[in-house]
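Here's the letter readout for the chains.
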Amino acid sequence: MEITLIGFLLGLLLMLIPVYMIQACGARFLSKLAVAFVGMLVKCAALGAVLWLLQSWHSIAANVCAALLLMVVAALVESRRARLPLLSGYVPVLSGMVAGVVVVGLYSLFVVLGSKQPFEMSSLMPVVGVLCGGMLSVNAKALMYYRMGLRRHGQMYYYLLGNGATRSEALSYFRKRAMERVVLSYVSAMSRSVVASTPFVLWTAVACGLDVLTATALQVTVIVAMFSASAVTMMVTLAVASHHSFDAYGRLKGGDGGATAPQTGTKMEA
């Protein structure tokens, strides 16, 4: 399936329908729609230009650098949307995203898809882009819930330490709670796929000429890969975040824990 320039311009004319409806209803957000539409066009054009250059260069080094840049930008956008601090927020998010893309992405390229040229633009960039898109909110949500738990229940951390738990054991409760909240939302979204949400990969693959069986298998594989990458990125993000949550004396930093360390000799009540 191909689209001509005239077909593309005619497709853009469909925007006149929502514009007319907004005008007819007297709504006052037409300017916001215009800004969002122009921004979407600019970002899609920029991404298309980068992919066109990569396709023209046929350089593995350029493809790998572009994939790393995509992960850096995605982690930055994710951290900004969640309003996370730069050091204690962006570094764990970026570490988790890189780990998830590398582990699941390489497995998908070499084992699942069996690509003979895995680092070519047509193979590498779609896999990296899909995985980064699937992890955009997972990382930040997990870290946000983790920091929220430490902030609100920091005294529990010291209570567990006072009763003989190691730092890792005391933090495992907060990591578990953060992962539970994020994973359950992802499981809910997975259960609604196809029925309550459109399988874009399947329809796009069919439109591009793939047979229905291959397109269906590709859709299922993409969902499983995104879920697996999200699990990897959550574990790495929370593990890295744990190292940024304490000062040199092993106490919770003020920005992460609302409680202060108990004084020596004091007895903590359950």
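Quick summary incoming for the structure in this document. (Residues numbered from 1 in each chain as written. Predicted model: local features only at pLDDT ≥ 70, side-chain atom pairs only at ≥ 80, totals over all residues. Heavy atoms only, no water.)

Scanning the protein for helices and strands turns up 11 helices and 0 strands. When the helices and strands of the protein are placed in sequence order, the string is α-α-α-α-α-α-α-α-α-α-α. The 270 residues of the protein split such that 31% are buried. Accessible surface, the protein: about 16700 Å² in total, of which carbon and sulfur atoms supply 69%. (Helix = DSSP H or I, 4+ residues; strand = E, 2+ residues; numbered from the N terminus. Buried < 20%, exposed > 50% of the residue type's maximum accessible area, 1.4 Å probe, protein only. Areas by Shrake-Rupley, 256 points an atom, 1.4 Å probe, with all protein chains shown as cover.)

Okay, the packing of aromatic side chains next. Applying the stated criterion across every chain, the model contains 1 aromatic pair. Between F110 and F119 the ring centres are 6.2 Å apart and the planes differ by 70°, which places this aromatic pair in the edge-to-face class. Residue F110 is classed as partly exposed on the basis of its relative accessible area, which comes to 44%. (Phe/Tyr/Trp six-rings, centres within 6.5 Å; stacked < 30°, edge-to-face > 60°.)

A few words now on the layout of surface pockets. Roughly 1100 Å³ of internal volume is contained in the largest pocket. If you trace the largest pocket, you find 40 residues lining it, with V130, V201, V222, I223 and M226 closest to the centre. Looking at the lining of the largest pocket, the elements that each hand over two or more residues are α5 (86-112), α6 (121-134), α7 (138-152), α9 (167-191), α10 (200-207) and α11 (212-243). By residue number, the principal contributor to the lining of the largest pocket is α11, which donates 8 residues. In this structure, the second largest pocket encloses a volume near 590 Å³. Residue lining of the second largest pocket: 18 residues in total, with K43, L47, L70, V73 and G129 positioned closest to the centre. Listed by contribution, the elements that provide at least two residues to the lining of the second largest pocket are α3 (30-57), α4 (60-81) and α6. With 7 residues, the top contributor of residues to the lining of the second largest pocket is α4. (1 Å grid on protein atoms, 1.4 Å probe; cavity = no way out; pocket = protein on both sides within 12 Å on 5 of 7 lines; lining within 4 Å. Points joined across faces, edges and corners; volume = space filled by probe spheres on them.)

Turning to the side chain of S79, a few remarks are in order. Within the secondary structure, S79 sits in helix α4. Only 2.9 Å separates the side chain of S79 from the backbone oxygen of A75, close enough to count as a polar contact. Ignoring sequence-local partners within four residues, the contact set of S79 consists of L84, G89, Y90 and V93. (Polar contact = N/O pair within 3.5 Å; in protein donor to acceptor, adjacent residues only side chain to side chain. Contact = heavy atoms within 4.5 Å.)

With that out of the way, let us pick up α7. The terminal C-alpha atoms of α7, which comprises 15 residues, lie 21 Å apart, in line with the 21 Å expected from a rise of 1.5 Å per residue. Restricting attention to buried positions, one finds in α7 the residues V138, N139, A140, A142, L143, Y146, R147, G149 and L150. (Expected span 1.5 Å × (residues − 1).)

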